[in-house]
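Each chain, written out:
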Amino acid sequence: MVWPVYIDSKKSRSEGRKINKEFAVSGPKLTEISRAARKLNLNPKVEDDKSYPGSWWDNSGRVIVEREDISKNEILVKISETIKTLRKR
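The following refers to the structure shown. Nothing here was measured: the structure is a model prediction, and the numbers come from that model.

Rules behind the numbers
- Residues numbered from 1 in each chain as written.
- Predicted model: local features only at pLDDT ≥ 70, side-chain atom pairs only at ≥ 80, totals over all residues.
- Heavy atoms only, no water.
- Patch = residues over 30% accessible without salt bridge, like charges linked within 9 Å, V, L, I, M, F, W, Y side chains within 5 Å.
- Areas by Shrake-Rupley, 256 points an atom, 1.4 Å probe, with all protein chains shown as cover.
- Salt bridge = Lys/Arg side-chain N within 4 Å of Asp/Glu carboxyl O.
- Lys, Arg positive; Asp, Glu negative; His and termini not counted.
- Charge placed at Lys NZ, Arg CZ, Asp CG, Glu CD.
- Helix = DSSP H or I, 4+ residues; strand = E, 2+ residues; numbered from the N terminus.
- Buried < 20%, exposed > 50% of the residue type's maximum accessible area, 1.4 Å probe, protein only.
- Contact = heavy atoms within 4.5 Å.
- Core = buried A, V, L, I, M, F, W, Y, C linked by side-chain atoms within 4.5 Å.
- Expected span 1.5 Å × (residues − 1).

Turning our eyes to something else, we now look at a positive patch on the surface. A cluster of basic residues, Arg13, Lys18, Arg67 and Lys72, forms a positive patch on the protein surface. The residue Arg67 is located in the loop between strand S2 (62–64) and helix H2 (72–88) in this model.

Laid out in structure tokens, this is it:
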């Protein structure tokens, strides 16, 4: 499960960011996360009606991905790096 807050460089660790700021992106959108996960062959499923428990009032949505022999942190970093390259286009 990938919540946008997990890879948002504007959020602190206590607010839910899971990766280092150097790898994170600013204000990731569900469409960007989904496109990056699709590019990485993670079979993303978008649920835009969900809210991150730490900010339940903000309907941020989430993306569910399939992972096999890779850690969640590695997936988050790869998704974030892919979003950065997609933004440069």
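That was the structure; now back to the text.
Our focus in this paragraph is helix H1 (residues 30–39). Those residues of H1 that fall on the buried side of the exposure criterion are Leu30, Glu32, Ile33, Ser34, Ala36 and Ala37. Along its buried surface, H1 packs onto strand S1 (45–47), S2 and H2. Directly after H1, the chain includes Asn41, whose backbone phi takes a positive value near 60°.

In this section: the nonpolar core. If you look at the biggest cluster of nonpolar residues, it comprises 21 residues, and the most contacted ones within it are Tyr6, Ile7, Ile33, Val65, Ile79 and Ile83. Every element with two or more residues in this core is listed here: H1 and H2. Of the residues forming this core, the biggest block, 5 residues, is contributed by H2. Those residues within four positions of Ile7 in sequence are excluded, and the remaining contacts are Ile19, Ala24, Val25, Pro28, Ile33, Leu76, Ile79, Ser80 and Ile83.

Backbone geometry at Asn41 places phi at a positive 60°, although glycine is not the residue there. Mapped onto the fold, Asn41 is located in the loop between H1 and S1. The exposure class assigned to Asn41 is exposed, which follows from its relative accessible area of 65%.

Here we take up H2. Along an α-helix, a turn takes 3.6 residues, which lines up residues three or four apart on a common side. In a regular helix each residue adds 1.5 Å, so 17 residues correspond to 24 Å; H2 covers 25 Å between its end C-alpha atoms and thus fits that length. Listing the buried residues of H2 in full gives Ile75, Leu76, Val77, Ile79, Ser80, Thr82, Ile83 and Leu86.

Before going further, it helps to examine the pattern of salt bridges. A side chain of one charge can pair with a side chain of the opposite charge when the charged atoms of the two come close. Applying the stated rule across the entire model yields 3 salt bridges. Where Arg87 meets Glu32, a salt bridge forms, and the shortest distance between an N and an O atom there is 2.8 Å. Taken together, the residues span a long stretch of sequence, with Arg87 in helix H2 and Glu32 in helix H1 at a distance of 55 residues. What makes Glu32 buried here is its relative accessible area of 16%. The residue Lys45 makes a salt bridge to Glu47 at a minimum N-O spacing of 3.6 Å. Here the salt bridges do not stand alone but share partners, grouping Lys45, Glu47 and Arg62 into one network.

To continue, consider the environment of Glu22. Note on placement: Glu22 falls in the segment before H1. Put simply, Glu22 and Ser9 are 13 residues apart on the chain and 8.0 Å apart in space, counted from C-alpha to C-alpha.

The analysis is restricted to geometry; functional conclusions fall outside its scope.
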